[in-house]
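# Results of the structural survey
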Amino acid sequence: MATERDLDAARARFLRGGRSALVPDEVRAEVLASWERSGPADGPAPFVGHHDGGPLVAAADAVLGAFAAGNPDAGCSLGLVADDGTLRLRHDTATAPAELLDAARWVPGHRHDEPSTGTTAAALVRHTRRPATVEGPEHLHPSLRPLREAAAPVTRGAHRAAVVVVTHASERGGTPLALARMLAAHVVEHEERTRHRRVLAVHDATAALRADGVPWVLAAAGDDLWVGRAAQALDPADQQSLHDLLTASVLLDETGGARHVDLPSGRCAEVRIHEVRADDGEALGAVLGGTPVEEHVPAGRTTTAAREARRRQGSHVAPTARRDFAADLHRDPSAEASEEARLRANQELFSPYVRARRDATATLAHRRHLLLVGETGVGKRTLARERFAHLFPRGTSTTIDCATLDEHPAPGGDALVGDPGGEVHLVLLDGVHALTPRSARRLDEALRPLTVLPGRVLVVGCLDSGSVDAGRPYGLLLRHFHETVRVPALRHRTDELAEIARSVLRSTSGARSLRLSHQVVRVLEGYSWPGNIAELEDVLRYVVSRKPVGVVQAPDLPAFCFTSAPRLTMLETAQADAIIHALYETRGNRYKAAAMLGIARSSLYRKIDAFGISYIA
């Protein structure tokens, strides 16, 4: 075997004159072939982003992490490199190799293929499909010259990767290749064992649903999604909508019970979601069973199309068919599930903040970066902090005011990453729309290394909806976010406004005894709140400054609170339609209509007056 001095000389001659400058058999054949495939190999490894690699990466993370934790003095670094050369994860057991790897940008999210950084052990594995080693001088890239690599292939279905063990080139002892082979075998075994256990449990749950005659069946386990034969005939957007609902319901612990779903194609369905758990309580997956509403119409009920046709007759026309007072005695038992599903759908319609909260929770629970969009003052920061604290009680956070980044540059290093021993760190970007071109570039550079840390840092941006324009400077940051959630304005949260106002009043008044009268609550609910929660806080601060103690009455409010906007928004139009449908089905009984809509009678009365709905007998 050639010495390091001979390899250094051969490498220098190859870089000057290619293969013809080498002596036969001076360099291993597979290494020489890699040298010829490689590019200049003198620049930094390109950043391509960190993406969730699925069960194989999760299994490798568990195996390599356990080895690193159990062998802190192993003196090596461990990594998993995808088939395209991108490093997916890394665990260190020694400081010296780790510092050299950081300098060479051998960090998750950077690609180390032959055109970028030259010969590596993972590159040899990719072409030979067998374990391989690369000694220090066999690396073409100067940053990798002090390192010694060993890699072994990992293959699971269509997923291919390589487990890499890196030590310092001066450490000639040990058996890094044997260690790489052992770890690769353990990764395959761990992934197969986990997948087998998960698939069996979910299969049993889906079989039970099919045996009960449920037409649409979807199941999720880890990153795998199974779609039943009948559900495969659905529109792809409908399938994705059901899958998103399945994922969010599990994360929010809202499984069980029926619910009504409006699909993107215009169809409606009633679905039930069941979580699949092992005997020890571990969550293995979840299954969703759905039934199209058109195919199930209980006795004594009308279809959606019939109700729509009746509505189009006019707001003053009521059904005239004779009522069957014994209908409840022979009603189909599944009617109760249908009523429960409709109740859930109505509650979502009249409480849009619930959906925004659910979507934000699902995104953060998946440890994906989130962009919150909404009008100024709707509580985007509050929502992000509250959901983060709920999911990660031990997590830490850093808030960056984007409007002041030109005077105060964005913090970097540990200030953004947080405590290395902590659970998760939140980076909250406040006022993303206020970024200038200069501050946007600086912030993009500060965020770039954070987005490659798998699940370690969550980035949440707050963007005012009136400033949405991808051509503005903040458009440079949009690539860092995975999902967008719209936070509804305060005027669409009428049923929650009383509790919000009382909470703001308690925080504003301190220890003083102040409370809102019913009349004041009604006035606040009737105002359109163009400034949202920020304007509500200003109003209540105005009241507190002029009312030391006691009950706040209507004359204590500013005069502009007694004005209201006459036009209905799209959401308010949908709410008005739902109220009209409920009043028709209950023959004008407002008590039953409120129960059907899932709202209080007082809320129903206010909305009837606000929307100008005529009397329905």
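Below is a summary of the structure that appears in this document. None of the values given here were measured: they were computed from a predicted structure.

## Thoughts on the packing of helix 16 (residues 494-509) against helix 18 (residues 532-546)
In the contact formed by helix 16 and helix 18, the axes pass within 10 Å of each other and the chain directions differ by 50 degrees. As summarised for this structure, helix 16 and helix 18 are arranged oblique, according to the angle between their axes. Handedness of the helix 16/helix 18 crossing: right-handed. Touching Ile500, Ala501, Val504, Leu505, Thr508 and Ser509 of helix 16 are Leu536, Glu537, Leu540, Arg541 and Val544, all from helix 18. Residues belonging to the contact of helix 16 with helix 18 are distributed by class as follows: seven nonpolar, two polar and two charged.

## Section: the packing of aromatic side chains
Counted under the stated rule, the structure contains four aromatic pairs. Seen in terms of ring centroids, Phe14 and Trp35 are 5.2 Å apart; in terms of plane orientation they differ by 45 degrees. Their pairing is tilted. Here Trp35 lies in helix 2 (residues 29-37) and Phe14 lies in helix 1 (residues 4-17), a separation of 21 residues in the sequence. Pair check on accessibility: Phe14 and Trp35 agree, each one buried.

## Digging into helix 2
Side chains that are three or four residues apart share a direction in an α-helix, a result of its 3.6 residues per turn. When we look at burial in helix 2, the residues that qualify are Val31, Leu32, Ser34 and Trp35. Buried residues of helix 2 fall within an arc of 160 degrees about the axis and therefore sit on the same side.

## A word on the pairing of strand 13 (residues 425-430)
When you tally the buried positions in strand 13, you get six out of six residues, the bulk of the element. Side-chain alternation along strand 13 places His425, Val427 and Leu429 on one buried face and Leu426, Leu428 and Asp430 on a second face that is also buried. As paired elements, strand 13 and strand 14 (residues 457-464) share five bridges and run parallel to each other. Bridge pairing in strand 14 links Leu429 to Gly461.

## A closer look at helix 7 (residues 176-211)
Taking 1.5 Å per residue, 36 residues should reach 52 Å; helix 7 reaches 52 Å between its end C-alpha atoms and fits that length. Trailing helix 7 by a residue or two, Gly213 shows a phi angle of about 85 degrees, which is positive.

## A closer look at the side chain of Glu149
With respect to the secondary-structure elements, Glu149 resides in strand 4 (residues 147-156). Although Glu149 is buried, it makes no salt bridge; Arg28 carries the closest opposite charge, 9.5 Å away. A distance of 2.6 Å separates the side chain of Glu149 from the side chain of His139, its partner in a polar contact. Glu149 has contacts with Thr120, Ala121, Ala132, Thr133, Val134, His139, Val164, Val165 and Val166, leaving out every residue within four places of it along the chain.

Procedures and definitions
- Residues numbered from 1 in each chain as written.
- Predicted model: local features only at pLDDT ≥ 70, side-chain atom pairs only at ≥ 80, totals over all residues.
- Heavy atoms only, no water.
- Axes fitted to C-alpha atoms, helices over the stretch in contact; angles between N-to-C directions.
- Helix = DSSP H or I, 4+ residues; strand = E, 2+ residues; numbered from the N terminus.
- Parallel < 35°, antiparallel > 145°, perpendicular 65-115°, else oblique.
- Left-handed = near helix turned anticlockwise from the far one by under 90°.
- Contact = heavy atoms within 4.5 Å.
- Nonpolar A, V, L, I, M, F, W, Y, C, P; charged D, E, K, R; others polar.
- Phe/Tyr/Trp six-rings, centres within 6.5 Å; stacked < 30°, edge-to-face > 60°.
- Buried < 20%, exposed > 50% of the residue type's maximum accessible area, 1.4 Å probe, protein only.
- Arc of directions from axis to C-beta.
- Pairing = 2+ DSSP bridges.
- Expected span 1.5 Å × (residues − 1).
- Lys, Arg positive; Asp, Glu negative; His and termini not counted.
- Salt bridge = Lys/Arg side-chain N within 4 Å of Asp/Glu carboxyl O.
- Polar contact = N/O pair within 3.5 Å; in protein donor to acceptor, adjacent residues only side chain to side chain.

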